[in-house]
Amino acid sequence: MDIEKLTAIDVHTHAEVSSRGHSSLDDTLHAASAAYFKTEGDRRPTLEETAAYYRERNMAAVIFTVDAESATGTAPVPNEEVAEAAAAHPDVLIPFASVDPFRGKAGVRQARRLVEEYGVKGFKFHPSIQGFYPDDRAVAYDLYEVIEETGTIALFHTGQTGIGAGVPGGGGIRLKYSNPLHVDDVAADFPHLKIILAHPSFPWQDEALAVATHKPGVHIDLSGWSPKYFPPQLVRYAGSLLKDKVLFGSDFPVLTPDRWLADFAELPIKDEVRPKILKENAARLLGLTKP
């Protein structure tokens, strides 16, 4: 991967469908999220199509599935397939994985194998869909130990979610699990763990900013929202106190980088900070450049 030639690194994209046409969300949740985000284009691009999409834009993308099989009954897109696609497209794709924290010791072994044998760089958690509090020691702490030990990244969904939005009962998905304050305990208990809080964390934006300001290992990605809707305090912190810890993310395919970047250009952020958010902070965190 030629970092110098990239225009941006998108740290938040989803592998929506496997090579066999299997998706990690059922049709009802997929349709609801597409309506919620007013998705432009294909809601379920293949891994090959995603690689081509980002190559056309001279960008790199962190890509992952979400393993919430214990809660949803639906198997994820295989982590191995995502990693193999990234290996086939190393100029544009950076593999993360997702392991359902309720898999217990088997999940811990899986996480280690995915790092050692497949080269994954991080792990995605979606507490609301997976149905767990990030600071539940009995559920997830063994996984965090492996992630910290291997120097990979833990990326947590935070705040409201478009998955289940508009479906009766929200599809059974509970928002309470995704308050970023639950990740504060994780950051305190694993001081060398690299953490990303995904999304503007509505309705807990101030909590996310507090955690990222207080804990050195905690970063924030800006995915899932058009920048024109960002809370004003997030824009202020992104351009000042957290300018080295905020990361570009789109949430592709539900939100395209084209739309995100067009709206980001209108934010009152200094020109010297923009490259940090769009590429430099992510490159450093992912170990793609020297510290």
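Per chain, residues are indexed from 1 in the order of the written sequence. Only residues with pLDDT of at least 70 are given local features in this predicted model, and only at 80 or more are side-chain atom pairs given and counted; all residues enter the totals for whole chains, interfaces and linings. For side-chain calculations, the full set of non-hydrogen atoms in the structure is used, while hydrogens and water are omitted.

*Asks:* Talk me through the pairing of strand β5 (residues 153–157); I want residue IDs and the actual numbers.
*Replies:* Remark: a regular strand shows side chains that alternate across the two faces of the sheet. Within β5, five of the five residues are buried, which leaves it mostly tucked inside the rest of the structure. By this definition, two strands are paired if DSSP reports at least two bridges between them. Every helix listed is a DSSP run of H or I at least four residues long, and every strand listed is a run of E at least two residues long, numbered separately from the N terminus. In this sheet, β5 lies alongside strand β4 (residues 122–125) in parallel orientation, the contact comprising four bridges. When the sheet's bridge partners are listed, Phe123 is paired in β5 with Ala154. Bridging between β5 and strand β6 (residues 194–198) involves five bridges; their strand directions are parallel. Pairing of Ala154 across the sheet is with Ile195, part of β6. A clockwise path from the first strand over the helix to the second, with the strands pointing away from the viewer, defines a right-handed crossover. Following the chain from β5 across helix α8 (residues 181–189) to the adjacent parallel β6, one finds a crossover that is right-handed. Burial classes follow relative accessibility: with a 1.4 Å probe on protein chains only, a residue under 20% of its type's maximum area counts as buried, one over 50% as exposed, and anything between as partly exposed.

*Asks:* Hey, could you go over the packing of aromatic side chains for me, with residue numbers and the actual values?
*Replies:* Between the rings of Phe, Tyr and Trp (Trp by its six-membered ring), a pair exists once the centres lie within 6.5 Å; its type follows the angle of the planes, with under 30 degrees stacked, over 60 edge-to-face, and the other angles tilted. Across all of its chains, the model carries 16 aromatic pairs by this definition. Seen in terms of ring centroids, Phe64 and Phe96 are 6.4 Å apart; in terms of plane orientation they differ by 35 degrees. Their pairing is tilted. Within this pair, whereas Phe64 is found in strand β2 (residues 59–64), its partner Phe96 is found in the loop between β3 (93–95) and α5 (104–118), the two being separated by 32 residues in sequence. With respect to burial, Phe64 and Phe96 carry one shared label: buried.

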